[in-house]
Amino acid sequence: MNHSSNRTKRRISVGCALTLAPLAVGLTSCSVGSGGNPLAGAPYDASNQISVSAGEEGAVVDPSDPLEVTATGDEGRIADVTAVDTAGRFLSGKLSEDGTRWRSTTPLAAGVRYTVRISTENGSGEQGRRTLNFQTKPAHAKRLGVTFGPDSGTYGVGQPITAELSHKVKSAKQRKLVEGALIVKSSPHVEGSWHWVDSKELHYRPKEYWPAHSTVSVRSRMKGLKIREGLYGDKSKPVKLRTGDRVEALADASGLSMKFSKNGKVIKEMPITTGKAGFETRNGTKVILGRESFVRMRSGSVGIGGGESYDLGVHWASRLTWSGEYVHAAPWSSGSHGVSNSSHGCTGMSTENAQWFFEHVRPGVPVKYVNSDGDTMAPFGNGFGDWNLSWKKWKHGSALLRGGQEQGAAGSATGVSRLQPQV
């Protein structure tokens, strides 16, 4: 919505006044009659004073053409113009200094309906109004679609939101358009931001974990939006997430123990074994990706051979990375639980504890690892390491908050494929 900085001055003949008078008479009131304030009456119909390039009511226009509003004759001047489409997006525009012409300064969206409201003022300061609806033609061009993840459902408080684009978007200007059209709302409200992982993928997370028992809705307002020449936004399917209790785990690779918390209170502590020398478990926060009550783990699938080879049937496996890191039952290494690190990178525990863990977590539950000699979990590409970026670095990857360059603060995704498990 745009306003002229030099509107026609209103000439008001009578205003409101408070007049000192004897108490018996009291204070005078504001006059609202025909001889009073010209702003007090209903706006007059300004249709015969205003011309709109979209034509008549219900017209279908080319979205590549700008929208123009013109004052015809000398009876009135344009005071204000708002043009909004069915997605709630306002069209930017500029009003001439003399109030005779308004022109859009951003492209119209394609394949949508617009409502235009025009306010005018005549020489006496009286207000006029014209309202017009028109439709824009669908764009015969490539469509930029977006697929949100995860699917609608209930998740842990560490679950990031993903947005996968159907075409690459590289320039800062185009990224701002796209990011601004991806809407995330939570109840209760929390501070959050999108982060460009690469030119086709964005992740969204709050500054801290989502609150317990919160609701998060995700939708796109990109339909019909012109991203660049030959590329317009497409419609998308919204998702709605809920969080359960605040469930999280802290694994100490040196202390060989995992503490399991619910809503801020430690409710269980379990002895564990993590990665041995040469196979150290990654430090940092990971997020549960999924659960498998039984999975076959073969060393060859992750490039481990020779004397370290294995082929095991594993129960109660909760996945942490796509490259095969799990929390799972490891009865074959029971002598190491709480004593020494003996795995190939996974977190092993007793069958009883692994089943308990399996039954008390869901996708999105954060599991933090400390005191390992391994590397830190990468932010992207091998699961959800999003929480390993500081909030400052996370915002650095937003096109709206900083600029969202191709590499971002943490680099692009590593492209790790969904490999088989490791024990």
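These numbers were taken from a predicted model, which means no experiment stands behind them. (Residues numbered from 1 in each chain as written. Predicted model: local features only at pLDDT ≥ 70, side-chain atom pairs only at ≥ 80, totals over all residues. Heavy atoms only, no water.)

Asks: Any chance you could explain the nonpolar core here in plain terms?
Replies: It is characteristic of soluble globular proteins that their nonpolar side chains tend to be buried jointly. If you look at the biggest cluster of nonpolar residues, it comprises 33 residues, and the most contacted ones within it are Ile 161, Val 178 and Trp 194. Going through the elements one at a time, β12 (146–149), β14 (161–165), β15 (182–187), β16 (192–196), β17 (201–206), β18 (215–220) and β21 (239–243) are the ones with two or more residues in this core. Here this core takes three residues from β14, the largest share from any one element. The residues touching Ile 161, leaving out its near neighbours within four places in the chain, are Gly 149, Val 184, Trp 194, Leu 202, His 203, Tyr 204, Trp 210, Val 216, Val 218 and Leu 241. (Core = buried A, V, L, I, M, F, W, Y, C linked by side-chain atoms within 4.5 Å. Buried < 20%, exposed > 50% of the residue type's maximum accessible area, 1.4 Å probe, protein only. Helix = DSSP H or I, 4+ residues; strand = E, 2+ residues; numbered from the N terminus. Contact = heavy atoms within 4.5 Å.)

Asks: Any chance you could explain the sheet that holds strand β19 (residues 226–228) here in plain terms?
Replies: Within a sheet, adjacent strands bond to each other through the backbone by hydrogen bonds, running parallel or antiparallel. Sheet architecture is open: three strands sit in the order β11-β20-β19, paired in mixed fashion. The sheet is open, and its two edges are formed by β11 (142–144) and β19, each paired on a single side. Across the sheet, the axes of successive neighbouring strands diverge by a mean angle of 40°, strand direction being ignored. Pairing geometry for β19 and strand β20 (residues 231–233), over two bridges, is antiparallel. If you follow Lys 226 over to β20, its bridge partner there is Tyr 232. (Pairing = 2+ DSSP bridges. Axes fitted to C-alpha atoms, helices over the stretch in contact; angles between N-to-C directions.)

Asks: Explanation requested: the packing of aromatic side chains in the structure shown.
Replies: The geometry of two aromatic rings is summed up by the distance between their centres and the angle between their planes. Scanning the entire structure with this criterion turns up eight aromatic pairs. Between Tyr 209 and Trp 387, the ring centres sit 4.7 Å apart and the planes meet at 80°, which makes this aromatic pair edge-to-face. Highlighted residues: Tyr 209 in the loop between β17 and β18 and Trp 387 in the loop between β30 (366–370) and α3 (391–396), separated in sequence by 178 residues. Take Tyr 209 and Trp 387: they sit in the same class, and that class is buried. Consider the rings of Phe 260 and Trp 356, whose centres lie 4.8 Å apart with planes at 80°: the pair is edge-to-face. With Phe 260 in strand β23 (residues 257–262) and Trp 356 in helix α2 (residues 351–360), this pair connects stretches of sequence that are 96 residues apart. Here Phe 260 falls in the buried class, since its relative accessible area comes to 1%. Members of the aromatic cluster, connected to one another through ring pairs, are Trp 194, Tyr 204 and Trp 210. Positioned above the aromatic ring of Trp 394 is the side chain of Arg 205, whose terminal nitrogen or guanidinium carbon lies 5.0 Å from the ring centre. One residue, Lys 286, lies across the ring of Tyr 369, its end atom 4.0 Å from the ring centre. (Phe/Tyr/Trp six-rings, centres within 6.5 Å; stacked < 30°, edge-to-face > 60°. Lys NZ or Arg CZ within 6 Å of the ring centre and 35° of its normal.)

Asks: Honestly, helix α1 (residues 172–180) in this entry has me stumped. Any pointers?
Replies: Residues separated by three or four positions in an α-helix point in the same direction, a consequence of the helix having 3.6 residues per turn. Along α1, the residues that are buried comprise Gln 174, Arg 175, Val 178 and Glu 179. An end-on view of α1 places all buried positions within 130° of arc, on one side of the element. Considering only its buried residues, α1 is in contact with β11, β14, β15, β16 and β19. (Arc of directions from axis to C-beta.)

Asks: Please explain the pairing of β30 as it appears in this structure.
Replies: Looking along a regular strand, one sees the side chains alternate between the two faces of the sheet. Bridge count for strand β22 (residues 247–252) against β30 is four bridges, and the pairing is parallel. Across the sheet, the residue bridging to Leu 250 is Lys 368, located in β30. Bridging between strand β25 (residues 284–287) and β30 involves four bridges; their strand directions are antiparallel. By the bridge assignment, Thr 285 is partnered in β30 with Lys 368.

Asks: Would you explain the UniProt feature "active site" (unreviewed entry) in the protein chain in this entry?
Replies: According to UniProt, the feature "active site" (unreviewed entry) maps to His 328 and Cys 346 in the numbering used here. On the basis of their most widely separated C-alpha atoms, the annotated residues across 19 residues gather in one place, lying no more than 7.6 Å apart. Taking relative accessible area as the criterion, His 328 reaches 2% and is therefore assigned buried. Structurally, Cys 346 is set in the loop between β28 (326–329) and β29 (347–349). (UniProt positions renumbered as here; feature names shortened; annotations may be inferred.)

Asks: Would you take a moment to explain the layout of surface pockets for this structure?
Replies: Space left empty within the atom packing is revealed by a probe, the size of a water molecule, rolled over the atoms. Of the voids in this model, the second largest pocket is the one considered here, and its volume is about 520 Å³. Around the second largest pocket sit 21 residues that line it, and Phe 90, Thr 106, Pro 107, Leu 177 and Leu 225 are the ones nearest its centre. At the level of elements, α1 and β19 are the ones that each hand at least two residues to the lining of the second largest pocket. Here the lining of the second largest pocket gets four residues from one element, more than from any other, and that element is α1. Tallied by class, the residues present in the lining of the second largest pocket amount to ten nonpolar, five polar and six charged. (1 Å grid on protein atoms, 1.4 Å probe; cavity = no way out; pocket = protein on both sides within 12 Å on 5 of 7 lines; lining within 4 Å. Points joined across faces, edges and corners; volume = space filled by probe spheres on them. Nonpolar A, V, L, I, M, F, W, Y, C, P; charged D, E, K, R; others polar.)

Asks: Looking at this structure, I do not really get the environment of Val 61. What am I missing?
Replies: Take Val 61: it is sitting in strand β4 (residues 59–61). Those residues in contact with Val 61 that sit more than four places away from it in its chain are Ala 54, Phe 134, Gln 135, Thr 136 and Lys 137.

Asks: What's the story with the pattern of salt bridges in this structure? I'm lost.
Replies: Any two side chains of opposite charge can pair, on the condition that their charged atoms come close. Summed over all chains, the structure comprises ten salt bridges. For Asp 234, the salt bridge is made with Arg 143, and the minimal N-O distance between the two is 3.8 Å. One end of the pair, Asp 234, is in the loop between β20 and β21; the other, Arg 143, is in strand β11, and 91 residues separate them in sequence. Classification of Asp 234 as partly exposed rests on a relative accessible area of 25%. With relative accessibility at 36%, the residue Arg 143 sits in the partly exposed group. Across the pair Glu 248 and Arg 246 runs a salt bridge, and its minimum N-O distance is 2.7 Å. (Salt bridge = Lys/Arg side-chain N within 4 Å of Asp/Glu carboxyl O.)

Asks: Just to check I follow, could you spell out the sheet that holds β30 for this structure?
Replies: Taking strand neighbours across the sheet as the criterion, the five strands line up as β24-β23-β22-β30-β25 in an open arrangement whose pairing is mixed. Looking at strand neighbours, the two that pair on one side only are β24 (265–271) and β25, the edges of this open sheet. Taken over all neighbouring pairs, the strand axes of this sheet differ in orientation by 20° on average, direction set aside. Note that β23 and β24 share six bridges and pair antiparallel. For Met 258, the partnering residue across the bridge sits in β24 and is Met 270. In the packing of α2 onto the sheet, the strands contacted are β22, β23, β24 and β30, and the crossing angle to β24 comes to about 145°.

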